[in-house]
Amino acid sequence: MELKRVVVTGLGALTPLGNTVAAYWDGLINGVSGAAPITHFDASKFKTQFACEVKGFDPHEFMDRKEARKVDPFVQYAIASTDEAVKDAGLEFDKLDTNRIGVIWGSGIGGLKTFFEEVASFAKGDGTPRFNPFFIPKMLVDIAPGHISMRYGLRGPNFSAVSACASSTNAMIDAFNYIRMGMADVIITGGSEATINEAGIGGFNAMHALSTRNDDPKTASRPFDKDRDGFVSGEGSGAIILESLEHALARGAKIYAEVAGGGMSADAHHITASHPEGLGAKLAMSKAIADAKFSYADVDYINVHGTSTPVGDISETKAIIDLFGDHAYKLNISSTKSMTGHLLGAAGAIEAIASILSVKNDIVPPTINHFTDDPEIDNNLNFTFNAAQKRVVNAALSNTFGFGGHNASIIVKKYHS
Amino acid sequence: MSDIASRVKAIIVEKLGVDENEVTPEASFTNDLGADSLDTVELIMEFEKEFNVAIPDDQAENISTVGQAISYLEKNVNN
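Residues numbered from 1 in each chain as written. Chains lettered and ligands numbered in written order. Predicted model: local features only at pLDDT ≥ 70, side-chain atom pairs only at ≥ 80, totals over all residues. Heavy atoms only, no water.

**Observations regarding helix H2 (residues 37–51) of chain B**
Residue and element names in this part refer to chain B.
Phase 1: Over its 15 residues, H2 extends 22 Å from the first C-alpha to the last, a length consistent with the 21 Å expected when each residue adds 1.5 Å.
Phase 2: Looking only at H2, the buried set comprises Asp39, Thr40, Glu42, Leu43, Ile44, Met45, Glu46, Phe47, Glu48 and Phe51.
Phase 3: Near the N-terminus of H2, the side chain that reaches the backbone nitrogen of Leu38, with its oxygen 3.1 Å away, is that of Asp36.
Phase 4: Looking at the residues trailing H2, positive phi occurs at Asn52, about 55°. (Helix = DSSP H or I, 4+ residues; strand = E, 2+ residues; numbered from the N terminus. Expected span 1.5 Å × (residues − 1). Buried < 20%, exposed > 50% of the residue type's maximum accessible area, 1.4 Å probe, protein only. Polar contact = N/O pair within 3.5 Å; in protein donor to acceptor, adjacent residues only side chain to side chain.)

As structure tokens, this is what we get:
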């Protein structure tokens, strides 16, 4: 079977750095931190009292009051970024075969706020169940692509990919595969997450996963710095329109970049800790390189998972050096989580957008908040510390790794006819 | 308009996102006010909470218009 070429024709983003793709990219290349004290709930009793929240978001700009009330924030975010991406791609669904347009969407947790509030309300009562009838359909991860399909009348493949912090990369690779196999013409993909609430912050705090740098939130996410102390919770959404090249050309769509390949693996090691030598990470990256029919030297930029946790940053670095050899030192590497925080299941989506725009604009966004080298990390690598760098970026690889040991890497490259 | 009627209407306006003047006694939740089956369940639960009553399922099945809700509650709520 001859595989079709797959291109990116639209983008949408709702992030801690800005509520549109343009605002997000502007924040990224200017090294802006999205971290600030938590406003979504009273965090005064929590070990971590800051996060990278979405700011100034009004769901009523995207849906009426009744609709907004019936969906969890992770779905509100999904719809906002999808609207932007659909407009950006110039998709006119009434002129297209909507049976061949799908939605494959990632979220690590789904409606955690809804789940938490409904269960808390039950626990406060006398044992009489008074659950809201929208409890389950607000909470389910797959309700996000369901709502997107209903909003636009899209009847192609429709489901969610769930692999914790790799979720939206898995979703994008699935979308890429379905399109190149000819099973859909267009797929809206990406992911959304909204876990900055008592359960999300409390749960990750209990694992000692979050930074507790409450006195200086903006410098808390510091991947590869000696004094990194955990990740910073982020939230938001990224939407990416993937489309077969022939379909995109036939409707005269603008093309941001081409999807070159995807790779997936498991660590088979531990529920939350990454493999110390980065075995699963290497496997995912090498599969993506092979899928793209690349040599390692064809990659110019790696948008790393780099969450700013003590162990994970070291193993990912080792994996890159081991795999790319001498070329590792010619790469630009950056963790945009230094600015956005960690959007969990939406991380892959917004980081793929950063990678796509890096390929399009030949600018690599930085890893901000670098103060002190870590002797356990090879600092001859170019981590793009503290300021964006201009370079030709022919191809970028984006890594995401999730609890459970899931690893997914996707490669995008410049589009040439 | 009775106190119960005005509270019922306020709940319907809030939950179904409809205009107050659409909420007439004859208006059907599903046919006129855009409610689906889940909305209707939620409305009944809101009435139970607001008026501190338990509406059995077999009674709830007979409440499909604004007027039916008001008259059921007027009969069953102790003021």
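Once the structure has been displayed, the description carries forward.
**A word on the environment of A:Tyr24**
Residues and elements named next belong to chain A.
Phase 1: Tracing the backbone shows Tyr24 in helix H1 (residues 21–29).
Phase 2: A residue is classified by how much of its surface remains accessible, and Tyr24, at 0% relative accessible area, is buried.
Phase 3: At 2.7 Å, the side chain of Tyr24 forms a polar contact with the backbone oxygen of Ile350.

**Digging into the interface of chain A and chain B**
Phase 1: Between chain A and chain B, the contact holds ten residues from the first and 15 residues from the second.
Phase 2: For the pair chain A and chain B, the two sides together bury roughly 1100 Å², of which 45% comes from carbon and sulfur.
Phase 3: Contact with chain B buries area across many residues of chain A, yet A:Lys66, A:Arg69 and A:Arg130 alone supply 48% of it, more than any other trio.
Phase 4: Counting across the chain A and chain B interface gives five salt bridges.
Phase 5: Across the pair A:Arg69 and B:Glu42 runs a salt bridge, and its minimum N-O distance is 3.2 Å.
Phase 6: Its residues placed into classes, the side of chain A that touches chain B shows four nonpolar, one polar and five charged. (Contact = heavy atoms within 4.5 Å. Buried area = accessible area lost by both parts, 1.4 Å probe. Salt bridge = Lys/Arg side-chain N within 4 Å of Asp/Glu carboxyl O. Nonpolar A, V, L, I, M, F, W, Y, C, P; charged D, E, K, R; others polar.)

**Overview of empty space enclosed by the protein**
Residue and element names in this part refer to chain A.
Phase 1: One pass over the structure, following the stated rule, counts one cavity of 30 Å³ or more.
Phase 2: Lining the largest cavity, in full, are Val8, Met172, Ile240, Leu242, Val259, Ala352, Ile356, Ile410 and Val412.
Phase 3: The set of elements that each furnish at least two residues to the lining of the largest cavity consists of strand S7 (236–244), helix H13 (347–361) and strand S14 (406–413). (1 Å grid on protein atoms, 1.4 Å probe; cavity = no way out; pocket = protein on both sides within 12 Å on 5 of 7 lines; lining within 4 Å. Points joined across faces, edges and corners; volume = space filled by probe spheres on them.)

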